[in-house]
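Close look at the chain arrangement
One-letter residues, chain by chain:
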Amino acid sequence: MWKEIRERESGKLRPNSFSNRIRSNRNSSIQLSNYKEIVSPHRGAVNSLQVDLTEGRYLLSGASDASVAIYDVQRATDYEGGGLLAKHKSLVTIDKQHEHGHKYAISSAIWYPIDTGLFITGSYDHHINIWDTNTTQMVMNFKMPGKVYRTAMSSLATSHMLIASGTEDVQVRLCDIASGAFSHTLSGHRDGVMTVEWSTSSEWVLVTGGCDGAIRFWDIRRAGCFRVLNQSHSQLGRRPPLLQRAATNKVSTSKSLSKGQSSSVKPRAPQRKMAHGNGSKQSAASKIPNLVKSSARQRLHPGLLSSQDRATAHYGAVIGLKVTGDGMYLLSAGSDSRLRLWDIESSCNTLVNFETVRLQTGKAIQLATTQDSALVFVPCMTSVKVFDVWSGTTVLTFRGHYEHVNCCWYSLQDQELYTGGNDRQILVWSPSKWNADELDEWSKKGKASALDEDNWSD
Amino acid sequence: MMMEEEREKVVVVGLIEKATNSTAAEVDPRILKAIKSVVRYSDSELRLAAQTLMNLMKRDHSQVRYLALLIIDELFMRSKLFRTLLVENLDQLLTLSVGFRRNLPLPAPPSVASVLRSKAIEFLEKWNVSYGLYYRQLRLGFDHLKNTLCFQFPNLQANAARIQQERREREVRTKEILVKKFDTLMETFSSIKDEVQSTIDEIGECLEIVTASDEPMPVGLLLDDDEMEEFRGSELRQIRLDSLKEGDKVQETSDNKVVFDALRELYKLLVTKHLVSVQEWISVLTRVEVADNRLRDSMLKEFIDIRNRLKSVKKKCEESGCSLPDTRNNEEENIWEEGTIESFENRSSVLNYQSDGSSIASASVKVKNKPFESRNKEADINEKLDCEDSGTDSDPLRSKLLAEAPLMKWGSFLDNWGSNRDFLANQRGLELEGHWGRIDYDAVIPAKKIAELNVQATLYKEDPVEIQPCRAPLSKGGLCQRRDLRVCPFHGPVIPRDDEGKPSKQASLTEEMASELETNLMNHLAKQAVNNVRDRDKEEEKKREHDKQALKRAKLAKVREHNDAVLRDAALASTSRSSAIREDVETAGGERYSARNKKQTLASMLKKKVTSKDRLVQRLLNTRARDATERQLTQGEDAKYREAFPNQW
């Protein structure tokens, strides 16, 4: 480690690679944290976890007992065991007793992506509430036609403030905070929508996964979905990584999407361009052209279109979606206990075999990836498994929950993983903080009564 | 080297296998020790042991799991590496040992399984208490079992804390009570002092009176002193002195009796009440903690003074009030000799009392709440009974009371005769500071309870009845000396006889009666003959009727028998084979039973123990038996029907 720092100092090592190395080092040593503990006030399954995107400091959790809580993950509220255990109690808790509190289980709780002044909760009581964090008062709410499974806001958005919501209903609705009304109603799914995810590369692209097993891409600037992922269309392996991708994320994202959607940034004639791009570049790899609901194309290939429209990404429901940080790949989890990695551009299944054992089927799960999208954290029943995204091999298995795990969130800043499960616990998994020397020193200071040692009496 | 390691590894695994392959409730301590010593010096073996133990925990047998868990606990409390290894899979371990997942219940022998569960919970708590700080998993597991699944933990720590708390509270309470007592003492101090002082004064006066009535004695003593010089020999002098002392003792006479009574009473009061209470107060004072120590100390001093004075007075009483120790002696003797005295000397007097009519025994309950003096009086009674049997002296009231008074055996309960106050159970002045556990200094025995405790149980003694000899004349001469209560086996009922063995008065009386009867006899006989004849006629008639009925019944029975026989034949045809099968089953079961008795193995534990209930169930609830009962029941109904209408069937 010191050697690396020396190299960095002398300029031999690039800052990026240096930080990446340290990150991956830390990632590989993640384990259940003994010194950091989140005291969960929930009396029901924890369904949703998110650390705010601006400071990386406040963890928001929503639970089945209709309660939401916010914790400060950077500063502990109190210590135990002579400072060994840092306990993080909730700063704010809103539960059923609150006058505007939800009646039924909260399925998703997310931060407003711009700051921590607002957060959004979606509940099984058909409502989406928007809360002021400082006053813990509800500032706005939307009545949905059915149970809300998932809400999402785009972290990139600069021109809209839309909450995408997946509900029991077949339609995906976009709630506009600015106006307090539904701005869009996206129909195409044949069953409830379990997961909703915004693209990380374009603020107008929305990905939804439904109980019908379909994953649909929507461009919110025009009607209809433009892509349906089909599990039978596959390509072997990932494409050779673009050189630019590693260097600058921004360029790569724009480039990666350029074939399909970057055109959509320019409002002029995206449709033709897309068709053209597909035809010329991807004819070999995949025969599906992007599905755009233009009336002209529908009239041209009605049979083809309907068959494409019925394509499924999973047998059974799609219960989890995660777009990688660069926006090029999509990870999806289905109730068929499969995890699939999709190349978004070609909309092909990359056929990476993830060694999942079993996924829970009834509920939506929340996946998490590391910053460089090398690892994905997947709740597999009572454990959380860490897979290598590109090879699908299991890197680590975190066992700590006593019931099913519902959600996990990876904090980019601390390289910490937070998991919440049906056992009402929120566990912190962090890179091992202390090496042996430090611990020894600490115990020498007399704080620990040197309990955790070998104790052979005979 | 490699070979050796290999061998060692096998040793560990083998040891663990061996330790867990038993039906005992504990791991063999020698094997356990061996495991520990092997594992202690090698990490690789510890790893192997952990793995082996986890594999054993997966066995489908609670006994194996139980023993494995015991070993795990031993190692867990000792080795850090083992802890880190085990904690990784704690949820699995808990699933396998506590069995809290519904789809993974604990395996077969249910009795062992319940023990396993309770043990696992106990261990988890222990581990959590000692190492929970270092292992999040332990905390999580404990928390989950406790708060989510609501398992009952033994809660050792909390219990200890609670007991401590209780003790502290009680101490505070006793302190408060002591302070309260101290306050009351401050108020009543002077009155107590006065009371004691007055008693002491009274005793002093009594003693004066007694000694004054013996005035000549001191003179004699002086004389004796003069004479003493004449006796040179020291032995002789000693004897002389002793005799003088004997003579010195004031004899109780009818003159000074009243004084002596009073003296005794006062003495009793002194010993039983004042001395005890002073002792109590002293113990209270020594234990109480008050802000003002000077007052307490001065009071304590005074109390000690009073005690000393009381003791000296008591001594004086015993020395000079010469009869007092005598009474004590007398009482002590009574403890020992009561029975004998009663039986021999006092027999007659007791009988006298009884013959007086008022049954004393029955009065005893009523007399219990007689005043205090009755006790003293009673001592007097005993004395009197001992020395002067006549007891016809002095006032008639006294004799009347005496006649009424119950005769009680002497005992310590008499000290508190008739007193109606509560007693402090732990205030004896003895400092038994928690020797047998906590002492509640304010524990009170209520008067009711004391009365209950003092209820006298006496053995019922049968009055010795002299059984009279038979005294019938024997053929060889002399009288029969057999003593039987009513009837002599040889000579019939025991009746009073004269010296020659002839039945006296009563027998003759019967004879007279007999002769008188003889005259009536003829008439009587005639009447009876007539009656007899009539009776016989009646009976014959009845018999005839009876015969008729019997005949009818027999006929019915015959018909029924025939029917039954036909049915039985039919039934036998269908059941002969099945009965043979049943025999087979029985023999097989018997064999199995004997085999199991031979040796207990793990497999045998899994087998369900065949209880008598099971056997009964097997016999009763199988289809054949059920069919048989059904058939029998229906048959019973049929039989009833057939009995009613035998011809129609």
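Residues numbered from 1 in each chain as written. Chains lettered and ligands numbered in written order. Predicted model: local features only at pLDDT ≥ 70, side-chain atom pairs only at ≥ 80, totals over all residues. Heavy atoms only, no water.

By the naming in an unreviewed UniProt entry, chain B goes by UV-stimulated scaffold protein like and is assigned to Actinidia chinensis var. chinensis. Within the UniProt record for chain B, the comment given under Sequence similarities (unreviewed entry) is "Belongs to the UVSSA family." Taken from UniProt, the Subcellular location (unreviewed entry) comment for chain B reads in full: "Chromosome". (UniProt positions renumbered as here; feature names shortened; annotations may be inferred.)

Named according to an unreviewed UniProt entry, chain A is DNA excision repair protein like originating from Actinidia chinensis var. chinensis.

1. Considering the overall build of chain A
A count of helices and strands for chain A gives eight helices and 31 strands. Among the 458 residues that make up chain A, the fraction classed as buried is 55%. Contacts in chain A between residues at least 24 apart in sequence constitute 50% of all its contacts with a sequence separation of at least 6. Within the structure as shown, chain A displays about 19,800 Å² of accessible surface, and the carbon and sulfur contribution to it stands at 50%. (Helix = DSSP H or I, 4+ residues; strand = E, 2+ residues; numbered from the N terminus. Buried < 20%, exposed > 50% of the residue type's maximum accessible area, 1.4 Å probe, protein only. Contact = heavy atoms within 4.5 Å. Areas by Shrake-Rupley, 256 points an atom, 1.4 Å probe, with all protein chains shown as cover.)

2. Focus on the nonpolar core
Among the nonpolar cores identified, the biggest contains 74 residues, and F377 of chain A together with L53, F76, F82, W127 and L138 of chain B are the most heavily contacted of them. With ten residues, the top contributor of residues to this core is helix α4 (residues 62-76) of chain B. Ignoring any residue separated from it by four or fewer positions in sequence, one finds W127 of chain B in contact with I72, D73, F76, M77, L93, G132 and L138 of chain B. I203, L270, V284 and L285 of chain B belong to the second largest nonpolar core, which has 31 residues in total. (Core = buried A, V, L, I, M, F, W, Y, C linked by side-chain atoms within 4.5 Å.)

3. Focus: the interface of chain A and chain B
For interface size, the figure often reported is the accessible area lost on association. The interface is formed by 30 residues belonging to chain A together with 32 residues belonging to chain B. Carbon and sulfur atoms supply 49% of the area buried between chain A and chain B, which totals about 2,800 Å² over both sides. If you look at where chain A meets chain B, you find three salt bridges. The shortest N-O distance in the salt bridge between E37 of chain A and R136 of chain B comes to 3.5 Å. For the pair chain A and chain B, the number of links is nine residue pairs in polar contact (both at pLDDT 80 or more). Those elements giving two or more residues to the side of chain A that touches chain B turn out to be β2 (36-38) and β31 (426-431) of chain A. (Buried area = accessible area lost by both parts, 1.4 Å probe. Salt bridge = Lys/Arg side-chain N within 4 Å of Asp/Glu carboxyl O. Polar contact = N/O pair within 3.5 Å; in protein donor to acceptor, adjacent residues only side chain to side chain.)

4. Topic: the sheet that holds strand β11 (residues 127-132) of chain A
Residues and elements named next belong to chain A. Spatial ordering of the open sheet is given by β9-β10-β11-β12, a layout of four strands whose pairing is antiparallel. The open sheet is flanked by β9 (106-111) and β12 (137-143), the only strands paired with a single partner. Put simply, the sheet's adjacent strands are angled 20° from each other on average, direction ignored. Summarising the sheet, β9 and strand β10 (residues 118-123) pair through five bridges and their orientation is antiparallel. Opposite A109, over in β10, you have T121 as the bridge partner. (Pairing = 2+ DSSP bridges. Axes fitted to C-alpha atoms, helices over the stretch in contact; angles between N-to-C directions.)

5. Some words on unusual backbone geometry
Residues and elements named next belong to chain A. The backbone of T136 shows a phi angle near 50°, a positive value even though the residue is not glycine. By the element assignment, T136 lies in the loop between β11 and β12. In this structure, R424 takes a positive phi of about 75° despite not being glycine. Looking at the secondary structure, you find R424 in the loop between β30 (416-421) and β31. The exposure class of R424 is partly exposed, given its relative accessible area of 21%.

6. Details of the packing of aromatic side chains
The full count for this structure, using the stated rule, is 15 aromatic pairs over all chains. Measuring from centroid to centroid gives 5.7 Å for F354 of chain A and F387 of chain A, while their planes differ by 70°, and the two rings are edge-to-face. Separated by 33 residues along the polypeptide, F354 of chain A in the loop between β24 (348-349) and β25 (368-369) and F387 of chain A in strand β27 (residues 383-388) bring together distant segments of the chain. Residue F354 of chain A is classed as buried on the basis of its relative accessible area, which comes to 5%. In this structure F387 of chain A comes out as buried when scored by relative accessible area, which is 0%. Over the aromatic face of Y124 of chain A sits the side chain of K147 of chain A, whose NZ or CZ is 5.2 Å from the ring centroid. If you follow R83 of chain B out to its NZ or CZ, it ends over the ring of Y131 of chain B, 3.7 Å from the centre. (Phe/Tyr/Trp six-rings, centres within 6.5 Å; stacked < 30°, edge-to-face > 60°. Lys NZ or Arg CZ within 6 Å of the ring centre and 35° of its normal.)

7. Some remarks on the UniProt feature "repeat: WD" (unreviewed entry) in chain A
All names here are of chain A. When the UniProt feature table is mapped to this numbering, "repeat: WD" (unreviewed entry) covers residues 39-74, 99-141, 186-228, 311-352 and 398-430. A helix fraction of 0% and a strand fraction of 47% characterise residues 39-74, whose end C-alpha atoms lie 14 Å from each other. The distance from the first to the last C-alpha atom of residues 398-430 is 11 Å, and the span holds 0% helix and 61% strand.

8. Focus: the pattern of salt bridges
One pass over the full model with this rule turns up 24 salt bridges over all chains. Taking the shortest distance from any N to any O, the salt bridge between D219 of chain A and R221 of chain A comes out at 2.7 Å. Relative accessible area serves as the criterion here: at 32%, R221 of chain A is assigned to the partly exposed category. Taking the shortest distance from any N to any O, the salt bridge between R59 of chain B and E17 of chain B comes out at 3.7 Å. One end of the pair, R59 of chain B, is in the loop between α3 (43-57) and α4; the other, E17 of chain B, is in helix α1 (residues 2-20), with 42 residues separating them in the sequence. Salt bridges sharing common partners tie together E37 and K87 of chain A together with R136 and R139 of chain B.

9. Concerning empty space enclosed by the protein
Residue and element names in this part refer to chain A. Applying the stated criterion across every chain yields a total of twelve cavities of 30 Å³ or more. Together, N47, S107, Y124, Y149, R150, M194, G362, K363, A364 and N406 line the largest cavity. In terms of residue class, the lining of the largest cavity is made up of four nonpolar, four polar and two charged. (1 Å grid on protein atoms, 1.4 Å probe; cavity = no way out; pocket = protein on both sides within 12 Å on 5 of 7 lines; lining within 4 Å. Points joined across faces, edges and corners; volume = space filled by probe spheres on them. Nonpolar A, V, L, I, M, F, W, Y, C, P; charged D, E, K, R; others polar.)

10. Looking at the environment of F182 of chain B
Residue and element names in this part refer to chain B. Following the sequence through the fold, F182 ends up in helix α9 (residues 156-213). With a relative accessible area of 3%, F182 lands in the buried category. Between the C-alpha atom of F182 and that of V284, which follows or precedes it by 102 residues, the distance is 7.4 Å. Ignoring anything within four residues of it in the chain, the contact list for F182 reads L285, V288, V290, R296 and M299.

11. Digging into the sheet that holds strand β3 (residues 46-51) of chain A
Residues and elements named next belong to chain A. Strand order in the open sheet made by the four strands is β3-β4-β5-β8, with antiparallel pairing throughout. Single-partner strands in this sheet number two, and they are β3 and β8 (90-94). On average, each strand axis in the sheet is tilted by 15° relative to the strand beside it, whichever way the strands run. In this sheet, strand β5 (residues 68-72) lies alongside strand β4 (residues 58-63) in antiparallel orientation, the contact comprising five bridges. Looking at β5, one finds that L59 is bridged to Y71.

12. Here's the deal with the confidence of the model for chain B
All names here are of chain B. Mean pLDDT over chain B stands at 73; residues scoring 70 or higher make up 71%. When pLDDT is averaged over each helix and strand of chain B, the minimum, 41, is found for helix α14 (residues 323-343) and the maximum, 88, for α4. Every residue in residues 578-596 is under pLDDT 50, and counting partners more than four places away or in other chains gives nine contacts. Overall fold confidence (pTM) sits at 0.57, and the ipTM for the predicted complex is 0.75. (pLDDT = per-residue confidence, 0-100.)

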